[in-house]
Each structure stands twice: as structure tokens, then as C-alpha cells.
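Structural overview for review
Below are the chains, spelled out letter by letter.
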Amino acid sequence: MKKNVFYKINVKQGDITKEKIDAIVNAANPSLLGGGGVDGAIHSAAGPELLKECATLGGCLTGEAKTTAAYLLPTKFVIHTVGPVWQGGKNDEDSLLKNAYTNSLKEAVRVGAKSVAFPAISTGVYGFPHERAAKIAVQTIAAFLEKNNEIDEVRLICFTRESKDLLEKVLIELKNG
Ligand code: AR6
């Protein structure tokens, strides 16, 4: 029988830079040198030291993840991942998005973060369809939590009311099977 891990997954509307949690995930780009959207918000709230550390990392491939300190943010770590740019769905976007979630969670385990907040990776500038991305996010996180006991909470941070409603719907659907 599958383990019940859904109680560890919470959906919250808000700004991820305000989350008091062990680690937050950044939806970055392969340069790791900042950008708009959630990436821009994280860099401006963390302060310029974050960019300095990011510049030492040599970038990040799509679907992979790298961790830095969090500087002025109320969290211990920032896990930078790069989601896929949506190109219509035939360029491995689903598995690259899955990898972004799994590799971010692996990074959390590696650095000892027990609670992790995610934004909706790839659903902004990168154009991934929201519902498809939400299903991949919840399925991938649940599958990881079934196999790994180290993480106590995954918080899915939704910027808008619509994305919160959508994620809650997807979570209930997947929970009920
Ligand atoms: N807190 C939580 N979620 C947020 C916040 C915030 N402060 N700000 C935006 N979102 P995006 P992507 C949501 O575009 O699609 C950057 O320029 C937003 O509503 O930030 O992965 C990078 O440098 C959306 O649902 O990331 C890359 O070049 C979600 O976060 C590129 O954008 C992701 O939107 C990455 O694009």
C-alpha cells in the first residue's frame, strides 16, 4: 500500500520571499544570474550577496538544482532550479519539469532542510500550462516523499488566488486517486 504523504504537502497563497521555512526554491534561468518574476523577487529580497554567490556556481542546466545561502531572506537556503521553457509539449518539457522538482528536493535533503517552499516553476515567463504543471508538481513531490522520510513539509506557494484554487483542486484529485 502507498504511504500517505499528502498531509506533508500544503498550498498557500503569498510571496515566497516572505516564507519562514528551511529552504525556498527559485525558478531561475541557466545563468543563475537573476531575472524577472520570482527570481527577481528573491534576488531583491536576499540582497546583492546572493548574486555574488550565484556567480560562482557556473550556471545550472534545465532540470537540475544548486543551493546557496539565503542572506537577508527569512530562510536558510535558496535552492535554484531551472524549469523548462514550454515549447508545445514535445520537447521533454514534462520530464524536465519533473526533474526540477526532484532535484530540488534532493538538494534539500543533501543540505539538511526539512521544510521546503516551491513556487509554480515554469508557469510564468516560461509559459508552461498551469494545470499540467500543477499535476506534475504534486505527483513528483508525492513520489519523492513516499521514498524519502527526511522532508517534513513541502509548501506550494501560489502567487495568485487562481493558482491556489487550481493547486488545491489538483491536490485533492491526486489524493483521492
Ligand atoms: N512568490 C511566489 N510566486 C511568485 C512570485 C513570488 N514572489 N513572483 C512570481 N511568482 P516566473 P518561470 C510566480 O516567471 O516561468 C525569470 O526571469 C508566478 O506567478 O517567475 O520558471 C527567471 O530568471 C508564476 O506562477 O518563473 C527565468 O528567466 C511562477 O512564480 C524565468 O523567469 C513562476 O513564474 C523563469 O520562468
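In short, a report on the structure. (Residues numbered from 1 in each chain as written. Predicted model: local features only at pLDDT ≥ 70, side-chain atom pairs only at ≥ 80, totals over all residues. Heavy atoms only, no water.)

1. Some points on the overall build of the protein chain
- Counting its secondary structure elements, the protein chain contains five helices and six strands.
- Ordered by position from N to C terminus, the α and β elements of the protein chain give β-β-α-α-β-β-α-β-α-β-α.
- The C-alpha atoms of the protein chain give a radius of gyration of 15 Å, which matches the 16 Å a tight globule of 177 residues would have.
- With the C-alpha coordinates aligned to their principal axes, the bounding extent of the protein chain is approximately 45 × 35 × 30 Å. (Helix = DSSP H or I, 4+ residues; strand = E, 2+ residues; numbered from the N terminus. Rg over C-alpha atoms; globule rule 2.2 N^0.38 Å.)

2. Some words on the nonpolar core
- By size, the foremost hydrophobic cluster in this structure holds 34 residues, and its most contacted members are I9, F118, I141, V154 and L156.
- Here this core takes nine residues from helix 4 (residues 130-147), the largest share from any one element.
- Contacts of V154, omitting those with residues within four sequence positions, involve K8, I9, N10, L105, V116, F118, I141 and L145.
- Among the nonpolar cores identified, the runner-up in size contains 16 residues, and I42, L50, A70 and L73 belong to it. (Core = buried A, V, L, I, M, F, W, Y, C linked by side-chain atoms within 4.5 Å. Buried < 20%, exposed > 50% of the residue type's maximum accessible area, 1.4 Å probe, protein only. Contact = heavy atoms within 4.5 Å.)

3. Quick notes on the pairing of strand 6 (residues 153-158)
- Among the six residues of strand 6, six are classified as buried, and the element is accordingly described as predominantly covered.
- Here strand 6 shows two buried faces, one formed by E153, R155 and I157 and the other by V154, L156 and C158.
- Where strand 1 (residues 9-13) meets strand 6, five bridges bridge the pair, whose relative direction is parallel. The residue of strand 6 that forms the bridge with N10 is R155.
- Looking at chain direction, strand 5 (residues 115-118) and strand 6 are connected through four bridges and run parallel. Bridged to S115 within strand 6 is E153. (Pairing = 2+ DSSP bridges.)

4. Quick look at the layout of surface pockets
- Estimates place the volume of the largest pocket at around 620 Å³.
- Those elements giving two or more residues to the lining of the largest pocket turn out to be strand 2 (21-28), helix 1 (37-46) and strand 6.
- The element that contributes the greatest number of residues to the lining of the largest pocket is helix 1, accounting for four residues.
- Taken together, the residues of the lining of the largest pocket break down into 13 nonpolar, 12 polar and two charged. (1 Å grid on protein atoms, 1.4 Å probe; cavity = no way out; pocket = protein on both sides within 12 Å on 5 of 7 lines; lining within 4 Å. Points joined across faces, edges and corners; volume = space filled by probe spheres on them. Nonpolar A, V, L, I, M, F, W, Y, C, P; charged D, E, K, R; others polar.)

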